[in-house]
Amino acid sequence: MSNATPTPLSDRVELLESDIRTLTKLIITHRRPLGEGDIRAASNILRRWITDGMIGQLCNEAGVELAFPVLENAQVWAALPNTPEVNYFLSGGVKFKGSPFMGFYNSTMPAAQGPTLPIDQFSESFLPFGKFKREKRIWFEGEAFSREEIILFVANKLGGVHYDGRRDLRQEKLERASRFMTFGGPIDHEPPGQVHLAVEPKATEILSGLHVEIISAAASFINLHIDGAPLVSFTVKRTIFESIARLLKPKPGIKLIDRA
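Residues numbered from 1 in each chain as written. Predicted model: local features only at pLDDT ≥ 70, side-chain atom pairs only at ≥ 80, totals over all residues. Heavy atoms only, no water.

Side note on the pattern of salt bridges
Here's step 1: Counted according to the given criterion, the structure contains twelve salt bridges.
Here's step 2: Among the salt bridges present, the one from Glu36 reaches Arg40, with a minimum N-O distance of 2.9 Å. Of this pair, Glu36 and Arg40 both sit in helix H2 (residues 36-51), four residues apart, roughly one helical turn.
Here's step 3: Taken together, the salt bridges that share partners define one network made up of Glu135, Arg137, Arg147 and Glu213. (Salt bridge = Lys/Arg side-chain N within 4 Å of Asp/Glu carboxyl O. Helix = DSSP H or I, 4+ residues; strand = E, 2+ residues; numbered from the N terminus.)

As for the side chain of Lys157
Here's step 1: Along the polypeptide, Lys157 turns up in helix H6 (residues 147-157).
Here's step 2: In terms of polar contacts, Lys157 uses its side chain to reach the backbone carbonyl oxygen of Arg166, at 3.0 Å. (Polar contact = N/O pair within 3.5 Å; in protein donor to acceptor, adjacent residues only side chain to side chain.)

Looking at H2
Here's step 1: When the local axis directions of H2 are compared, the greatest deviation, roughly 25 degrees, occurs at Ile45.
Here's step 2: What H2 keeps buried is the set Glu36, Ile39, Ala42, Ser43, Ile45, Leu46, Arg47, Trp49, Ile50 and Thr51.
Here's step 3: Buried positions along H2 lie against helix H1 (9-27), helix H3 (54-62), helix H5 (129-134), H6, strand S9 (207-208) and helix H8 (209-222).
Here's step 4: Just past H2, the residue Gly53 takes up positive phi, approximately 80 degrees. (Bend = angle between axes of the 7 residues up to and from the residue. Buried < 20%, exposed > 50% of the residue type's maximum accessible area, 1.4 Å probe, protein only. Contact = heavy atoms within 4.5 Å.)

Describing the packing of aromatic side chains
Here's step 1: Summed over all chains, the structure comprises eleven aromatic pairs.
Here's step 2: The interplanar angle of 80 degrees and the centroid separation of 6.4 Å between the aromatic rings of Tyr88 and Phe140 together place this pair among those described as edge-to-face. With Tyr88 in strand S2 (residues 86-96) and Phe140 in strand S5 (residues 136-140), this pair connects stretches of sequence that are 52 residues apart.
Here's step 3: Looking at Tyr88, the relative accessible area reads 0%, which means it is buried.
Here's step 4: On the basis of relative accessible area, Phe140 is assigned to the buried category, the value being 4%.
Here's step 5: With 4.9 Å between their ring centres and 25 degrees between their planes, Tyr88 and Phe180 make a pair best called stacked. Of this pair, Tyr88 sits in strand S2 while Phe180 is found in helix H7 (residues 169-180), placing the two residues 92 residues apart along the sequence.
Here's step 6: The exposure class of Phe180 is buried, given its relative accessible area of 11%.
Here's step 7: Among the aromatic residues, those joined into a ring-pair cluster are Phe68, Phe129, Phe132 and Phe221.
Here's step 8: Here the basic side chain of Arg147 rests over the ring of Phe132, its NZ or CZ set 3.9 Å away from the ring centre. (Phe/Tyr/Trp six-rings, centres within 6.5 Å; stacked < 30°, edge-to-face > 60°. Lys NZ or Arg CZ within 6 Å of the ring centre and 35° of its normal.)

Here it is as structure tokens:
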């Protein structure tokens, strides 16, 4: 039997506030691409609150309801068993160069008309804590991987908390999935995976699909709702010149680099 004194609720609330501030600094950047090291650091915070369950315990003790804003992707997951030609799907829901990107997939067959998967039917929704951490995020070679699995893998295997080169069979597949499609700046060499998306013109680091999912999870966590209201309020301040420039600026495109 442990004689340890439970951590006071107020101390854990302060830790939550501190971690949200840190997450915000790590994943919300101004005019610079996200760094891979910052994403790994973010996985440490997410592991503590999501996979270790601290946020659920805290809200249960405080007697409040918790909900995470997400992009609902249930229609895609319903369609995947009927589309064997799709061997890779990444939920995403992040911003590159200020524009949202979501619903990345790879098909071994060309689409006849429109997308093979209903990625144009994503909608905003809220999930309670249990469903949020178990939500399926990556599909690869017939298997689905949850948000919880992705956070644990980045934190425990890729250096977020620990670096560990050992892999079981499922972890080996998740690692192959992480390398299948990569994101970053333009490259002048063969892509590290099957497909590379040049989404950040100034980026010098290559990010994997797992990194993208950590960014997405962190964004949902920062914007979590307590009893129906956002825990954190964000105010974006721009000068009139910045606002005009954003309206006149052309939307960024994606350059696709395929190894095939």
